[in-house]
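Single-letter residue listing:
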Amino acid sequence: MTAGISVDLDSATPAYEQIRAQIAALIALGALEPGTRLPTVRRLAADLGIAAGTVARAYRELEQPGLIETRRRNGTVVAPRPPSNETPAAAGVLTGTNVPGTVVAEVAAAVEHYIAEGRRAGFDDAALLAVLRTKLSQQDE
Amino acid sequence: MPLQPSLPPLLLLGPLLAAVVVYVVLRWVVWAPRTGSSPASVSDHALWVGVIGWLASSLQGAMNVGIIPSGPSPVGPLTSAGTVLPALAWPVLGCLTVHALGQVSYPGPRRMRRQAVLSVRRVRDFLPRRLALTTAAVFLTAAAAIARTAALPGFAAVAPTRVSDGEYTSFNGGGDGRIPGPDVALWLGGALLVLAGGTWLVLWLIASRRRLESLDTADNTVLRTIAMNRLLRTVATVAAGLAAVAGNFAARPDPAQGMASWGNPEALACGVVLLVMWGWRPPRLAAAGLGARNRPEPGIAAGRPHPAARLLSSLGALLGLAAAVPLLTGAFLFQALLAAPSYGFAGLVALMAALALLVVAAGELLLQHNYGRPAAPRRWPGRRVSPALLTTAVLALLVFLIVLLVTALGQAGLAEGPGWVPSGLFTAATCAAAVPVLLLARHRQGVAGAPPGLDSALRAVTVHRVVRTLAAALTAQAGVLLLTQGNAWASVLGRAAFGETDPAATTWWPSIAAGAGLGVAAVVIAVIPVRSPARPAPAPPPGTEVSG
């Protein structure tokens, strides 16, 4: 399974924030294991066709809470998790709370199930996101 | 053996121009102006890189490195730095440069939604292992063959003895000489090292270049493997060629000792490597080949294509054969063709074009015989030939006419025989031979029961093939004139115009270089692919991945 990100240049959210949030989510979901080497700033910027400074800022903002580390010889890697049952700051960065690791795994499984069922029903990405947003807004009311 | 302290500035202009032309061609192929970059255009681009790279890798001009000819030869001896360096540099650097240009000619991302995979790409992630090991073995064998030459001594050439009985004259004895082995080992070993280092650099470039947004992750991976496959196959043949050059040097007997026969087993091994690499096919992109991940192209009916379309598609292989058989025959009769330069090579080009036109005409006749009905409607396509091919054909005609005119002027100035006349006549005959084929395509009976648009599309394919053949023949004939009538050009432009300083030179290298370039261009034109009768599909969206 490959971990990938996408950046929507039309979005109101800055590109560096999209990159930061997606990488943090992947770490929280376990799709990026601790020790996984990330592409260099220049390589990821070239792949996305955006400025290297944008990627560099996203990496800096991921380094601050300790989600990733930059090592001289091995480049940028996903930081090891602290020796506790709680997820590291990844989910906390996303949610602002301390979330147990088992709950994160259940959420990840539920998301994959939702995507699989949605694909079977013929929904594309935009439709799946629209359904999710509608449900979330209904629950907020 | 010292290098020349300075190079004529125009010596570098040729390779630079060639690189620009190759880049533009590759960019045009992959970008496909009408539809944009798509899996089909990316697949075509990979094929073109392989074909052009293979064409650029020929070591034919370097086979006699280190050999001192015993008599006058059409090309100068390859025994000094000034002659050996270009002979080896062109194929080694040329094929590497083409593959590198193939990687940098991909378009950048244009969509507003960009995607990337969070993994570190390494060469070994995409390297086809068996092919890489085979290539490494070829390199090691070539290194051993080259190292062997370092221990071989040089000896002088001996001119053959002229024996005459009054009626007949013959030549006995004598033979070519060679320079000391360490010099040749230095040149060939250096070329092999440059080839190995350059191969590694291009492999790194393939692994590290950005992904293409018209392909999903799996096809992006396969594309890198395809590029590595084509590169490794090409450099393996070049390495085998260097070994053959070393074998040609080592096998020469000392004419002073009276031995006459000799063989070059390395050349046989080179031929085997060539055939093996020829057959070592790369994987295919699933998206370009209507694989499981792909949607079917719009406009193509579900199920099998019409038999008439299959018949016309199958002619592609026959066309290649029609051109290849005379070419291979010409390779065996090379010396005979050299003895009659004004009409030998021109006749060979005309024969290849005529056979190709014959195959196209036979295809039309078969279509009419098998599937034609008098009552079926005859649809003449609105656009018979793409603007790019039409432009190419017009340019080829212009280039040929200019080359013919300058050659005629030059030969008139030198008071030489009109060596340009056979080429002109053969070319005119080729153009005349194309007319009945075009008329056949125009007036053929319509295909009964064909889906809408198929009959006109089949006629368009035939016209495309005829125009392509003519464009390639014109370009090749212009190249032949430049290769064989270089002195005429030297007399018109001035022998010293491009830095030629040897007053005793019997050939003029700028015309040879230009002729070779036109020859390569002719081959490239001859393999311009025919588009399928259905329009290409827009690029499918990349497949889903785990993403944040």
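Only a predicted model underlies this, so the values are computations on that prediction, with no experimental measurement involved. (Residues numbered from 1 in each chain as written. Chains lettered and ligands numbered in written order. Predicted model: local features only at pLDDT ≥ 70, side-chain atom pairs only at ≥ 80, totals over all residues. Heavy atoms only, no water.)

J.: Just to check I follow, could you spell out the packing of helix α4 (residues 129-149) of chain B against helix α5 (residues 181-208) of chain B for this structure?
T.: Pairs of packed helices are described in terms of their axes, by the angle between the two and the distance that separates them. Residue and element names in this part refer to chain B. α5 packs onto α4 with a crossing angle of 160 degrees between their chain directions and a minimal axis gap of 8 Å. Between α4 and α5, the angle falls in the class roughly antiparallel. As for how α4 packs across α5, the hand of that crossing is left-handed. Along the contact surface, α4 presents Phe 139, Ala 142, Ala 143, Ile 146 and Thr 149, while α5 presents Gly 181, Pro 182, Ala 185, Leu 188, Gly 189, Leu 192, Leu 195, Ala 196 and Thr 199. Split by residue class, the contact of α4 with α5 holds ten nonpolar, four polar and no charged. (Axes fitted to C-alpha atoms, helices over the stretch in contact; angles between N-to-C directions. Helix = DSSP H or I, 4+ residues; strand = E, 2+ residues; numbered from the N terminus. Parallel < 35°, antiparallel > 145°, perpendicular 65-115°, else oblique. Left-handed = near helix turned anticlockwise from the far one by under 90°. Contact = heavy atoms within 4.5 Å. Nonpolar A, V, L, I, M, F, W, Y, C, P; charged D, E, K, R; others polar.)

J.: Please explain empty space enclosed by the protein as it appears in this structure.
T.: One simple way to see leftover space: roll a probe sized like a water molecule over the atoms. Residue and element names in this part refer to chain B. One pass over the structure, following the stated rule, counts one cavity of 30 Å³ or more. Approximately 70 Å³ is the volume attributed to the largest cavity. What lines the largest cavity is His 45, Ala 46, Val 49, His 99, Gly 102, Gln 103, Tyr 106, Val 202, Ile 206, Ala 227 and Arg 230. Elements with a contribution of two residues or more to the lining of the largest cavity: α2 (39-56), α3 (81-104), α5 and α6 (217-251). Across the lining of the largest cavity, the residue classes break down as six nonpolar, four polar and one charged. (1 Å grid on protein atoms, 1.4 Å probe; cavity = no way out; pocket = protein on both sides within 12 Å on 5 of 7 lines; lining within 4 Å. Points joined across faces, edges and corners; volume = space filled by probe spheres on them.)

J.: Looking at this model, I keep getting lost on the confidence of the model for chain A. Mind explaining?
T.: Reading predicted coordinates in detail is not appropriate for stretches of low pLDDT. Residue and element names in this part refer to chain A. Mean pLDDT over chain A works out to 80, with 80% of the residues at or above the 70 mark. When the elements of chain A are averaged for pLDDT, helix α4 (residues 89-95) gives the smallest value, 47, and helix α3 (residues 52-63) the largest, 94. For the stretch residues 85-91, pLDDT sits under 50, and the model shows 21 contacts to residues farther than four places along the chain or on other chains. In this model, residues 93-98 is a region of pLDDT below 50 whose contacts with residues beyond four sequence positions or in other chains number eleven contacts. (pLDDT = per-residue confidence, 0-100.)

J.: Would you take a moment to explain the side chain of B:Arg209 for this structure?
T.: With respect to the helices and strands, the residue B:Arg209 is situated in the loop between α5 and α6. Within the local environment of B:Arg209, its side chain forms a polar contact with the side chain of B:Gln103, the two groups lying 2.7 Å apart. In this view, B:Arg209 contacts A:Asp47, B:Gln103, B:Tyr106, B:Arg121, B:Asn220, B:Leu223 and B:Arg224; residues no more than four positions away in its chain are not counted. (Polar contact = N/O pair within 3.5 Å; in protein donor to acceptor, adjacent residues only side chain to side chain.)

J.: Any chance you could explain the side chain of B:His45 here in plain terms?
T.: Residue and element names in this part refer to chain B. Structurally, His 45 is set in helix α2. A relative accessible area of 1% means that His 45 is categorised as buried. Side-chain polar atoms of His 45 contact the backbone oxygen of Gly 102, separated by 3.4 Å. Sequence-distant contacts of His 45, that is, excluding residues within four places in its chain, are made with Leu 26, Val 29, Val 30, Gly 102, Ser 105 and Tyr 106. (Buried < 20%, exposed > 50% of the residue type's maximum accessible area, 1.4 Å probe, protein only.)

J.: Looking at this model, I keep getting lost on the packing of aromatic side chains. Mind explaining?
T.: Between two aromatic rings, the relevant description is the distance of the centres plus the angle of the planes. Evaluation of the coordinates by the stated rule reveals one aromatic pair over all chains. When the ring centre of B:Phe126 is taken as origin, the NZ or CZ atom of B:Arg224, which lies over that ring, is 5.6 Å away. (Phe/Tyr/Trp six-rings, centres within 6.5 Å; stacked < 30°, edge-to-face > 60°. Lys NZ or Arg CZ within 6 Å of the ring centre and 35° of its normal.)

J.: Teacher, can you tell me more about the pairing of strand β1 (residues 3-8) of chain A here?
T.: On any regular strand, side chains alternate: one points to one face of the sheet, the next to the other face. β1(A) sits mainly inside the fold: five of its six residues count as buried. Sheet analysis places β1(A) next to strand β2 (residues 113-117) of chain B, joined by five bridges and oriented antiparallel. Bridge assignment links A:Asp8 to a residue of β2(B), and that residue is B:Arg113. (Pairing = 2+ DSSP bridges.)

J.: Before we go on, may I ask you to explain a nonpolar patch on the surface in this structure?
T.: Residue and element names in this part refer to chain B. Judged by side-chain polarity, Leu 390, Val 394, Leu 395, Leu 398 and Ile 402 come together as a nonpolar surface patch covering roughly 460 Å² of accessible area. Along the chain, Leu 398 turns up in helix α11 (residues 387-413). Residue classification places Leu 398 among the partly exposed positions, given a relative accessible area of 45%. (Patch = residues over 30% accessible without salt bridge, like charges linked within 9 Å, V, L, I, M, F, W, Y side chains within 5 Å. Areas by Shrake-Rupley, 256 points an atom, 1.4 Å probe, with all protein chains shown as cover. Salt bridge = Lys/Arg side-chain N within 4 Å of Asp/Glu carboxyl O.)

J.: Would you take a moment to explain the pattern of salt bridges for this structure?
T.: When their charged atoms lie close together, side chains carrying opposite charge are able to pair. One pass over the full model with this rule turns up twelve salt bridges over all chains. The shortest N-O distance in the salt bridge between A:Asp47 and B:Arg121 comes to 2.9 Å. With A:Asp47 in helix α2 (residues 41-48) and B:Arg121 in the loop between β2 and α4, this pair bridges two chains. Given a relative accessible area of 3%, A:Asp47 falls into the buried group. Put simply, B:Arg459 and B:Asp455 hold a salt bridge, and the shortest N to O gap is 2.9 Å.

J.: Explain helix α1 (residues 15-29) of chain A to me, please; I cannot follow it from the model alone.
T.: Each α-helix turn comprises 3.6 residues. Residues three or four places apart therefore point the same way. Residue and element names in this part refer to chain A. Spanning 15 residues, α1 covers 21 Å between terminal C-alpha atoms, matching the ideal 21 Å at 1.5 Å per step. For α1, the buried fraction is high: twelve of the 15 residues fall into the buried class. Taken together, the buried positions of α1 are occupied by Ala 15, Tyr 16, Gln 18, Ile 19, Arg 20, Gln 22, Ile 23, Ala 24, Ala 25, Leu 26, Ile 27 and Ala 28. Of the residues trailing α1, Gly 30 is marked for its positive phi of about 85 degrees. (Expected span 1.5 Å × (residues − 1).)

J.: It is not clear to me how the interface of chain B and chain A should be interpreted in this structure. Could you clarify?
T.: Quite often, the size of an interface is put as the accessible area lost when its parts meet. Across the boundary between the two partners, chain B contributes 22 residues, which contact 27 residues of chain A. Contact between chain B and chain A buries roughly 2300 Å² in total, counting both sides, with carbon and sulfur atoms accounting for 56%. At the boundary of chain B with chain A, the tally comes to one salt bridge. For the pair chain B and chain A, the number of links is nine residue pairs in polar contact (both at pLDDT 80 or more). (Buried area = accessible area lost by both parts, 1.4 Å probe.)

J.: What's the story with the confidence of the model for chain B in this structure? I'm lost.
T.: All names here are of chain B. Per-residue confidence for chain B gives a mean pLDDT of 80; residues scoring 70 or more make up 83%. Here residues 1-7 scores under 50 on pLDDT; set against residues more than four positions off or in separate chains, the count is nine contacts. Here residues 290-302 is modelled with pLDDT under 50, and outside its nearest four sequence neighbours on either side it reaches 20 contacts, counting other chains as well.

J.: Honestly, the nonpolar core in this entry has me stumped. Any pointers?
T.: Burial of nonpolar side chains together is a common tendency in soluble globular proteins. Residue and element names in this part refer to chain B. Judged by nonpolar contacts, the single largest core of 54 residues is most densely connected at Leu 88, Leu 96, Leu 188, Leu 195, Met 228 and Leu 242. Going through the elements one at a time, α3, α4, α5, α6 and α7 (265-279) are the ones with two or more residues in this core. Leaving out residues up to four positions away in the same chain, Leu 195 has contacts with Val 92, Cys 95, Leu 96, Phe 139, Val 235, Val 238 and Ala 239. (Core = buried A, V, L, I, M, F, W, Y, C linked by side-chain atoms within 4.5 Å.)

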